[in-house]
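Reading the structure
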Amino acid sequence: MKVAIIGTGYVGITTGVCLGWLGHDVTCVDTDDGKIESLRAGVAPIYEPGLGELLTQVAGRLHFTTSYVDAIPRSQVVFIAVGTPPTADGSPNLQYLSAAAQSIGANLDGEFTVVVNKSTVPIGSGNWVESIIREADEKGRGSGRRGERFAVASNPEFLREGTALHDSLYPDRIVIGADHARALEMMYTLYRPLLEQSFAPPSFLPRPDALGAVPLVATDLASAELIKYAANAFLALKISYINEISQLAGKVGADVSLVANGIGLDARIGRRFLQAGIGWGGSCFGKDTAALVSTAADYGLAMPIVSAAREVNRRQRERVVERLLSELKILKGKIIGLLGLAFKPNTDDLRDAPALDIARALVARGARVRVHDPVAMDRARREHPQLEVSYCAEPEEIAAQADALILVTEWPQYRDLNWARMASAMNSAVILDGRHWLDATALASAGFRAFRL
Ligand code: UDX
């Protein structure tokens, strides 16, 4: 099928590359000339494992443009995957969504087009987008064939950064919200190779053995929009739940990792997203839980469970500094090294990254902060020029004369650092394992006083 994708962020570019891999002809649109130029040259705009490789492999079926006229007419399906960043009050900024809808409406060619919301949009946005497209379409062409020219569908995205290609090609389910039968039919045709898992997997991304056909969840628009929020909020509260249990575990002398395993093996609970520690960051969980609470408030509903999960998560970052304070007694003048800046491993994304809050809080208490991250340091320098930290090229460098280390992001390469050498280079060999992830025995035998959150 012919597909257009508006926006080349995480969701847009991953969707484009994966649909290209399935054999569709995809045109990606972005207003950023620089991004389009580098994509044309085969350079991925984001750090995402495997993306550059797949971009090269689907090059013939993937086109890039800054012009809607080149993309919208003749496209059977148009995905909107523009950013909806949070504004100061937490509500999403919908200006890019509205601009995209207007430009799509102004360029429809009269053949039936499905316009798909893939950005995380507030509940009710499907109808709002539809009205903008209709208005722009009618302005150009008169109101004659209204209703038949396009339909809006919602197709929420569940990909995780760092495993975006895997999550897109081998999803747990595909959700399509559409109030229009023809739109649903076209979306089914588009995703058929994914639903049936009939495509040949990329050589570097084999299909998981246990994966059979992928379930399709067909719903109305509002339900699909709510599924996205409800899924993210549930994952977020699972993490906050284990972090709350972790605090009690610390008091009673239990090991939260064992507790997580013990409860997670109950199939009704599941083991994933029970990794205790500093808590969640990133572009989705904070934003989506805030939006859920605020949408509910519009209807006079409180969301006490979701609100509590947010509060627990906020407190985890403060608890890092409190724990360190109680270990070191004084933070003023102390040298603290942070291992990891990105909000999670395998990405350079710093949105709502706990490391930034922790670094700022330590600096505010007079500590000197050193940081290392395998990929996110350039981005941190660029996006956070005010951050008063010293960047170290190698993880070992942050140890020299340091008073404590904090593992903030569980990058795989941190697992087997030369801990003995680092401990001997430090002023005091103290480490806070903020992700409950390092080998406590190895740390102890290297001479560290290691503790967890
Ligand atoms: C999330 C959702 O998982 C995805 O479905 C949605 O489309 C976008 O938001 P992402 O933000 O990329 O994806 O990362 P994810 O792997 O979900 O992790 C989010 C945060 O939770 C990270 O900061 C991670 O460190 C933290 N986390 C995750 C935990 O603290 N414990 C866990 O057990 C799992």
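What comes next concerns the included structure. Bear in mind the structure is a predicted one, so any value in this text is a computation, not a measurement.

**A few points about the environment of G52**
Residue position: G52 is located in helix 3 (residues 51–57). In sequence terms G52 and S445 are 393 residues apart; their C-alpha atoms lie 41 Å from each other.

**Quick look at empty space enclosed by the protein**
Taken as a whole, this structure holds 1 cavity of 30 Å³ or more when the rule is applied. Taken as a whole, the largest cavity encloses approximately 60 Å³ of empty space. Taken together, N117, S119, T120, V121, S154, P156, E225, K228 and Y229 make up the full set of residues lining the largest cavity. Here the lining of the largest cavity takes 3 residues from helix 9 (residues 221–252), the largest share from any one element. Considered class by class, the residues forming the lining of the largest cavity number 3 nonpolar, 4 polar and 2 charged.

**Comments concerning the environment of A423**
By the secondary structure assignment, A423 is in helix 15 (residues 419–425). We classify A423 as buried; its relative accessible area is 9%. Spatially, the C-alpha atoms of A423 and A402 are 9.3 Å apart, while their sequence positions differ by 21 residues. Once you skip the residues sitting within four places of it in the chain, A423 turns out to touch A429, A446 and F448.

**Remarks on the side chain of R435**
Relative to the assigned elements, R435 resides in the loop between strand 13 (430–433) and helix 16 (440–445). At 2.7 Å, the side chain of R435 forms a polar contact with the backbone oxygen of V408. Among residues more than four places away in sequence, those in contact with R435 are Q275, A276, G277, I278, G279, F343, P354, L407, V408 and E410.

**Some thoughts on the sheet that holds strand 2 (residues 25–29)**
Judged by pairing direction, the sheet is mixed, and its 8 strands sit side by side in the order 3-2-1-4-5-6-7-8 without closing on themselves. In this open sheet, the two edge strands, each paired with only one partner strand, are strand 3 (62–65) and strand 8 (216–219). Taken over all neighbouring pairs, the strand axes of this sheet differ in orientation by 25° on average, direction set aside. Inspection of the sheet shows strand 1 (residues 2–6) paired to strand 4 (residues 77–80) by 4 bridges, in the parallel sense. By the bridge assignment for strand 4, I6 is matched with I80. Across the sheet, helix 9 is in contact with strand 5 (113–117), strand 6 (150–154), strand 7 (174–178) and strand 8; its angle to strand 7 comes to roughly 145°.

**Description of helix 8 (residues 181–195)**
Relative to the 21 Å expected for 15 residues at 1.5 Å per residue, helix 8 spans just 18 Å between its end C-alpha atoms, considerably shorter than the ideal helical length. In helix 8, a bend of some 40° at T189 exceeds every other bend along the element, and P193, a proline, comes one to four places later. What helix 8 keeps buried is the set A183, M186, M187, L190, Y191, P193, L194 and L195. Following helix 8 by one or two positions, Q197 has its phi on the positive side, about 50°.

**Looking at the pattern of salt bridges**
On inspection of all chains with the given rule, the structure shows 25 salt bridges. Across the pair E130 and R134 runs a salt bridge whose closest N-O atoms are separated by 3.1 Å. With E130 and R134 both in helix 6 (residues 125–141), this residue pair falls 4 residues apart, about one helical turn. Via salt bridges that share partners, E311, R314, R315, E318 and E322 belong to a single interconnected network.

**Observations regarding the layout of surface pockets**
Space inside the second largest pocket adds up to approximately 320 Å³. Along the walls of the second largest pocket sit 14 residues, with S246, G250, R323, R452 and L453 positioned nearest its centre. Elements with a contribution of two residues or more to the lining of the second largest pocket: helix 9, helix 12 (304–328) and strand 14 (449–452). The greatest single-element share of the lining of the second largest pocket, amounting to 5 residues, is contributed by helix 9. Classifying every residue of the lining of the second largest pocket by side-chain character gives 5 nonpolar, 4 polar and 5 charged.

**Overview of the sheet that holds strand 13**
In space, the 6 strands of this open sheet follow the order 11-10-9-12-13-14, with parallel pairing throughout. Edge positions in the sheet fall to strand 11 (389–391) and strand 14, since each of these pairs with one other strand and no more. In this sheet, neighbouring strand axes are inclined to one another by 25° on average, regardless of whether the strands run parallel or antiparallel. Bridge count between strand 9 (residues 335–339) and strand 12 (residues 404–407): 4 bridges; the pairing is parallel. Counted as the bridge partner of L339 is L407 from strand 12. Contacting strand 9, strand 12, strand 13 and strand 14, helix 12 runs over the sheet at an angle of about 150° to strand 14.

Quick notes on the rules
- Residues numbered from 1 in each chain as written.
- Predicted model: local features only at pLDDT ≥ 70, side-chain atom pairs only at ≥ 80, totals over all residues.
- Heavy atoms only, no water.
- Helix = DSSP H or I, 4+ residues; strand = E, 2+ residues; numbered from the N terminus.
- 1 Å grid on protein atoms, 1.4 Å probe; cavity = no way out; pocket = protein on both sides within 12 Å on 5 of 7 lines; lining within 4 Å.
- Points joined across faces, edges and corners; volume = space filled by probe spheres on them.
- Nonpolar A, V, L, I, M, F, W, Y, C, P; charged D, E, K, R; others polar.
- Buried < 20%, exposed > 50% of the residue type's maximum accessible area, 1.4 Å probe, protein only.
- Contact = heavy atoms within 4.5 Å.
- Polar contact = N/O pair within 3.5 Å; in protein donor to acceptor, adjacent residues only side chain to side chain.
- Pairing = 2+ DSSP bridges.
- Axes fitted to C-alpha atoms, helices over the stretch in contact; angles between N-to-C directions.
- Expected span 1.5 Å × (residues − 1).
- Bend = angle between axes of the 7 residues up to and from the residue.
- Salt bridge = Lys/Arg side-chain N within 4 Å of Asp/Glu carboxyl O.

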